[in-house]
Amino acid sequence: MSMLNYPIPIGTHALSELQSWLEGRSYSQVLVLCDENTFRHCYPRINAFLPPHHFHIIPPGEQHKTLVTCQQIWETLTRLDVDRKALMINLGGGVVGDMGGFVAGTYKRGIDFVQVPTTLLAQVDASVGGKVGIDFQQYKNQLGLFLEPQGVFIWPAFLETLSEAELRSGFAEVIKHHLIADGEGWESLRKLRELSSLDLPKLIQHSVNIKAKIVAEDFRESGSRKSLNFGHTIGHALESHRLESAQPLRHGEAIAVGMVAEAQVSQAAGLLSSEDLANIRTFVRHFFPTIDLSEQEIPEILKLMQQDKKNEGKQVRCTLIQGPGQFQIDHPLTEAEAKMGLAYYMEA
Ligand SMILES: NC(=O)c1ccc[n+]([C@@H]2O[C@H](COP(=O)([O-])OP(=O)(O)OC[C@H]3O[C@@H](n4cnc5c(N)ncnc54)[C@H](O)[C@@H]3O)[C@@H](O)[C@H]2O)c1
Ligand SMILES: [Zn+2]
């Protein structure tokens, strides 16, 4: 058992653990949810570990994390006469996991589901913590639930078929976990020069431990869970801003910029040394492509920041770091501060 109330095995044994976990239960039916890519790359590798099952395949990408796709999955469940004793297995990245959990949680008032994350982002972050949901109109994760899975089964070998860009996107959350919760770990991580020299199983375990501990303390995000929002106030606004553009950003690419900007805000607030700030920018710049932010974009990004779900009333709140490894929640973020933070990102 993990710090949470469900198993989260990580490693080469994860799929056989799923198999024996399933053998210990008597589900009436099993539905595997995949997207086209995970159906092609991951489903053949997990199939032998599963009992007889049905599957439903969705098109890949954030633009399909919608009510329309949910409706199609609910139709499949209904057509197959799936009852409340059934199980859904969400095999995919954060899109499949978030949407599959939402569909399972609302079908006949809720059936069990397990997460089998196949991207680094989902393995280190999205699959753990019990937030499920979908996008609605132009708002990300506008409809959703706090709902825990019955288990999360993390097999790092799934990452072998993931593109370098997707791997990097997930790596942003790994950096975040170090910056909010493991200062010593950050000092060694920041010496890394190549993603290919990462010990992924070790890194995934490290991130999951941090996330599970924070979530176990504060499931509904009234306090310390807000630490996980570091980099996300500015980052998320940038991501939304670029969503409709010709070059949309991956979640982690936007969060990487957000972390540099919010680290600068931390430094300006007297919480972080200039040296630590410079180290963070150098590291992010080394791994992530530089995002060119034009003068006209800044006010639009600041406007989107005002609409953030994390805000209370009209006040924009963000999480700062107090030296690498510690955080401070609920910093009232002014437009001037955010602007300075973004300027610092662009300066180098
Ligand atoms: N619930 C949470 O707490 C939480 C936290 C962070 C992010 N999220 C959500 O997660 C989503 C982003 O997740 P993501 O980055 O995993 O995106 P994703 O699910 O869209 O996956 C990224 C791409 O990789 C492909 N893919 C997945 N696994 C693969 C594999 N093993 N080999 C080859 N290709 C593969 C997918 O088909 C997709 O094209 C967003 O919707 C975000 O809101 C949720
Ligand atoms: Zn994130």
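Since the structure is predicted, the reported quantities are computational estimates derived from the model, not experimental observations.

The rules behind the values
- Residues numbered from 1 in each chain as written.
- Chains lettered and ligands numbered in written order.
- Predicted model: local features only at pLDDT ≥ 70, side-chain atom pairs only at ≥ 80, totals over all residues.
- Heavy atoms only, no water.
- Near = heavy atom within 4 Å.
- Polar contact = N/O pair within 3.5 Å; in protein donor to acceptor, adjacent residues only side chain to side chain.
- Areas by Shrake-Rupley, 256 points an atom, 1.4 Å probe, with all protein chains shown as cover.
- Helix = DSSP H or I, 4+ residues; strand = E, 2+ residues; numbered from the N terminus.
- Nonpolar A, V, L, I, M, F, W, Y, C, P; charged D, E, K, R; others polar.
- Phe/Tyr/Trp six-rings, centres within 6.5 Å; stacked < 30°, edge-to-face > 60°.
- Lys NZ or Arg CZ within 6 Å of the ring centre and 35° of its normal.
- Buried < 20%, exposed > 50% of the residue type's maximum accessible area, 1.4 Å probe, protein only.
- Contact = heavy atoms within 4.5 Å.
- Pairing = 2+ DSSP bridges.
- Core = buried A, V, L, I, M, F, W, Y, C linked by side-chain atoms within 4.5 Å.
- Patch = residues over 30% accessible without salt bridge, like charges linked within 9 Å, V, L, I, M, F, W, Y side chains within 5 Å.
- Salt bridge = Lys/Arg side-chain N within 4 Å of Asp/Glu carboxyl O.
- Lys, Arg positive; Asp, Glu negative; His and termini not counted.
- Charge placed at Lys NZ, Arg CZ, Asp CG, Glu CD.
- Donors = N, O, S within 2.8 Å, 3.2 Å for Na, K, Ca; no water.
- Arc of directions from axis to C-beta.
- Axes fitted to C-alpha atoms, helices over the stretch in contact; angles between N-to-C directions.
- Parallel < 35°, antiparallel > 145°, perpendicular 65-115°, else oblique.
- Left-handed = near helix turned anticlockwise from the far one by under 90°.

Novice: Sorry, what's going on with the site of ligand 1 here?
Specialist: In the region of ligand 1, 25 residues are neighbours, and Asp35, Glu62, Lys65, Thr119 and Thr161 sit closest. One nitrogen or oxygen atom from the main chain of Gly94 is found 2.8 Å from an oxygen atom belonging to ligand 1. At 3.0 Å, a side-chain N or O of Asp98 approaches a nitrogen atom of ligand 1. Considered on its own, ligand 1 offers 870 Å² of accessible surface; in the complex 88% of this is hidden by protein. Elements supplying a minimum of two residues to the shell around ligand 1: α2 (36–41), α5 (94–106), α6 (120–126) and β6 (139–146). Its residues placed into classes, the shell around ligand 1 shows seven nonpolar, nine polar and nine charged.

Novice: For this particular structure, what's the right way to read the packing of aromatic side chains?
Specialist: The geometry of an aromatic ring pair comes down to the distance between the two centres and the angle between the two planes. Inspection of the entire model under this criterion finds twelve aromatic pairs. A centroid spacing of 4.9 Å and a plane angle of 80° characterise the contact between Trp155 and Phe158, whose relative ring orientation is edge-to-face. An aromatic cluster of at least three residues, connected via ring pairs, comprises Phe171, Trp186, Phe283 and Phe287. The ring centre of Tyr344 lies 3.7 Å from the NZ or CZ of Arg281, which sits over that ring. In this arrangement the basic side chain of Arg285 is found over the ring face of Tyr345, its NZ or CZ atom lying 4.7 Å from the centre.

Novice: Can you walk me through helix α10 (residues 232–243) in this structure?
Specialist: In an α-helix, one turn spans 3.6 residues, which is why side chains three or four residues apart end up on the same side. For α10, the tally of buried residues reaches ten of twelve residues, placing the bulk of the element in the interior. Every buried residue of α10 is accounted for by His232, Thr233, Ile234, Gly235, His236, Ala237, Leu238, Glu239, His241 and Arg242. Packed against the buried residues of α10 are β6, α7 (164–181), α11 (251–268), α13 (297–305), β8 (317–321) and α14 (335–347).

Novice: How should I be thinking about the environment of Asp112 in this particular structure?
Specialist: Note on placement: Asp112 falls in strand β4 (residues 112–117). C-alpha separation for the pair Asp112 and Asp81, spaced 31 residues apart in sequence, amounts to 16 Å. Sequence-distant contacts of Asp112, that is, excluding residues within four places in its chain, are made with Tyr27, Ala86, Leu87, Met88 and Gln150.

Novice: Looking at this model, I keep getting lost on the sheet that holds strand β7 (residues 151–152). Mind explaining?
Specialist: Hydrogen bonds along the backbone pair up the strands of a sheet, which may run parallel or antiparallel. Reading across from one edge, β2-β1-β3-β4-β7 is the order of the five strands in this open sheet, with parallel pairing throughout. Either end of the sheet is taken by a strand with one partner, and the two such strands are β2 (54–58) and β7. With four bridges connecting them, strand β1 (residues 30–35) and strand β3 (residues 87–92) associate as parallel partners. Along β3, the bridge assignment pairs Val30 with Leu87.

Novice: Explain the nonpolar core to me, please; I cannot follow it from the model alone.
Specialist: Nonpolar side chains in soluble globular proteins generally cluster together in the buried interior. Counting residues in hydrophobic clusters, the biggest one holds 68 residues, and the most contacted among them are Ile8, Phe171, Ile175 and Ile204. At nine residues, α11 tops the list of elements feeding residues into this core. Other than its neighbours up to four places away in sequence, Ile204 contacts Ile10, Leu120, Gln123, Val124, Ile154, Pro156 and Leu159. Counting 22 residues, the second largest nonpolar core, distinct from the first, contains Val32, Cys34, Ile46 and Phe158.

Novice: Would you mind going over a positive patch on the surface with me for this structure?
Specialist: Positive charge collects at one region of the surface, where Arg84, Lys85, Lys108 and Arg109 lie side by side. With respect to the secondary-structure elements, Lys85 resides in the loop between α4 (67–79) and β3. Among the residues examined, Lys85 registers a relative accessible area of 59% and is labelled exposed.

Novice: Explain the coordination of the zinc ion (ligand 2) here, please?
Specialist: Of the protein atoms, only Glu173 (OE), His232 (NE2) and His251 (NE2) coordinate the zinc ion (ligand 2), at distances of 1.9 to 2.1 Å. Summarised as a motif, the one-chain spacing of the donors to the zinc ion (ligand 2) is E-x58-H-x18-H. On the criterion of sequence distance, the pair formed by Glu173 in helix α7 and His251 in helix α11 is long-range, its members being 78 residues apart. Accessibility classification places Glu173 together with His251 in one group, the buried group.

Novice: What am I meant to see in helix α1 (residues 14–23) here?
Specialist: Among all positions in α1, only Ala14, Leu15, Leu18, Trp21 and Leu22 are buried. The buried residues of α1 all sit within an arc of 115° when viewed along its axis, so they share a single face.

Novice: Please clarify how the packing of α13 against α14 should be interpreted in this entry.
Specialist: A pair of packed helices is captured by two measures, namely the crossing angle of their axes and the spacing between those axes. It is the contact of α13 with α14, at a shortest axis distance of 11 Å, that shows an interaxial angle of 130°. Here α14 runs oblique to α13, going by the angle between their axes. Crossing of α13 against α14: the hand is right-handed. Only Glu335, Ala338, Lys339, Leu342 and Met346 of α14 make contact with α13, whose side of the interface consists of Ile298, Ile301, Leu302 and Met305. Split into classes, the residues belonging to the contact of α13 with α14 amount to seven nonpolar, no polar and two charged.

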